[in-house]
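Residue-level listing of the chains:
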Amino acid sequence: MTRLRLLILLFSTCAYAAGASANEAIYPLVTYKCNEEADIITLTNSILKGKEGASYKYSDEDGTYSPWDLVEIDRRTERTRIVRTKKIVKTCKLSSGEYTITIEPQVFSNNLSGTCGTSISSAFTVTFDGFDIRERTPFEDYCRGNSPIITRVTIFGKTSEVKVKRLPRYKFY
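Parameters at a glance
- Every chain is numbered independently, its residues counted from 1 as its sequence is written.
- With the structure being a predicted model, the display of local features is reserved for residues of pLDDT at least 70 and the display and counting of side-chain atom pairs for 80 or more, all residues being used for whole-chain, interface and lining totals.
- Side-chain measures were taken over the full set of non-hydrogen atoms in the model, leaving aside hydrogen atoms and water.
- For the purposes of this analysis, a disulfide is any pair of cysteine sulfur atoms at a distance within 2.5 Å.
- Here a helix means four or more residues in a row that DSSP labels H or I, a strand means two or more in a row labelled E, and each is numbered from the N terminus.
- Buried residues are those whose accessible area, probed at 1.4 Å on protein chains only, stays under 20% of the maximum for their type, while exposed residues exceed 50% and partly exposed ones sit between those limits.
- For this analysis, a salt bridge means a side-chain nitrogen from Lys or Arg found within 4 Å of a carboxyl oxygen belonging to Asp or Glu.
- The rule for pairing is simple: two strands pair if DSSP sees at least two bridges between them.
- The angle between two axes is taken between their N-to-C directions and runs from 0 to 180 degrees, where each axis is a line fitted to C-alpha atoms and a helix contributes only its stretch in contact.

> Account for the state of the cysteines, naming residues and giving values.
What the rule picks out here adds up to 2 disulfides. Cys34 shares a disulfide with Cys92; S-S distance 1.9 Å. Measuring the twist about the S-S bond at about 70 degrees, one finds the Cys34-Cys92 disulfide to be right-handed. Of this pair, Cys34 sits in strand S1 (residues 26–35) while Cys92 sits in strand S6 (residues 88–94), and the two are 58 residues apart along the sequence. Overall, Cys34 belongs to the partly exposed group, its relative accessible area being 28%. Relative accessible area serves as the criterion here: at 1%, Cys92 is assigned to the buried category. Each sulfur in the disulfide pair Cys116 and Cys143 lies 1.5 Å from the other. Residue Cys116 is found in the loop between strand S7 (97–107) and strand S8 (120–128), and its partner Cys143 is found in the loop between strand S9 (131–138) and strand S10 (149–156); the two are separated by 27 residues along the sequence.

Structure, rendered in structure tokens:
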């Protein structure tokens, strides 16, 4: 009988821990770094959780951005909605020329109370010499499911190659 109680306690503790982490607030973080010495540009897509995310100070000087800062939300009506988006445009001079990186929000639902309404991600565009060498590409295509998520983008100045690293969704969250 004692083993059964111990087993029940163990399963209920595991279920509580899984539920607590699943309900923890998630804060998206996109970083941009132009490294002229190394001749690369790096974009990263990650998440911060809990207190760390709530107190994180996003900063243009540090190249850290939240997609929530790139949307304008109308809270005046019963239905809270995203009504406008903004873009961040950065330029970086590498050995092969000047690159323009555009970062913008990837909005899954304009209605913040609907399906996927509390989820947001970002997208990026890489332009070189006036041409999009990587058209608008979302870090996440969908707000759920198991589609891969882009976690890192590296642009190499010497070759103009854009290298993309992806992870399965279950490893990202």
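> For the pattern of salt bridges, give the residues involved together with the corresponding values.
Under the defined criterion, the tally for this structure stands at 5 salt bridges. Residue Asp60 pairs with Lys90 through a salt bridge whose shortest N-O separation is 2.9 Å. Taken together, the residues Asp60 in the loop between helix H2 (50–55) and strand S3 (64–65) and Lys90 in strand S6 connect sequence positions 30 residues apart. By relative accessible area, Asp60 is classed as partly exposed at 45%.

> How would you sum up the sheet that holds S6? Please name residues and give values.
One open sheet holds the 4 strands; their spatial order is S6-S7-S8-S9, and the pairing between them is antiparallel. The open sheet has two edge strands with one neighbour each: S6 and S9. In this sheet, adjacent strand axes meet at a mean angle of 20 degrees when their direction is disregarded.

> Explain the pairing of S8 to me, using residue names and the numbers behind them.
The buried fraction of S8 amounts to 9 of the 9 residues, a majority that puts the element mostly inside the structure. Side chains Ile120, Ser122, Phe124, Val126 and Phe128 of S8 all project onto a buried face; the interleaved residues Ser121, Ala123, Thr125 and Thr127 project onto the opposite face, where all are buried too. For S8 and S9, the ladder comprises 5 bridges, and the chain directions are antiparallel. Looking at S9, one finds that Thr127 is bridged to Asp132. As consecutive antiparallel partners, S8 and S9 are separated by 2 residues, and within that stretch Asp129 has a phi angle of approximately 55 degrees, a positive value.

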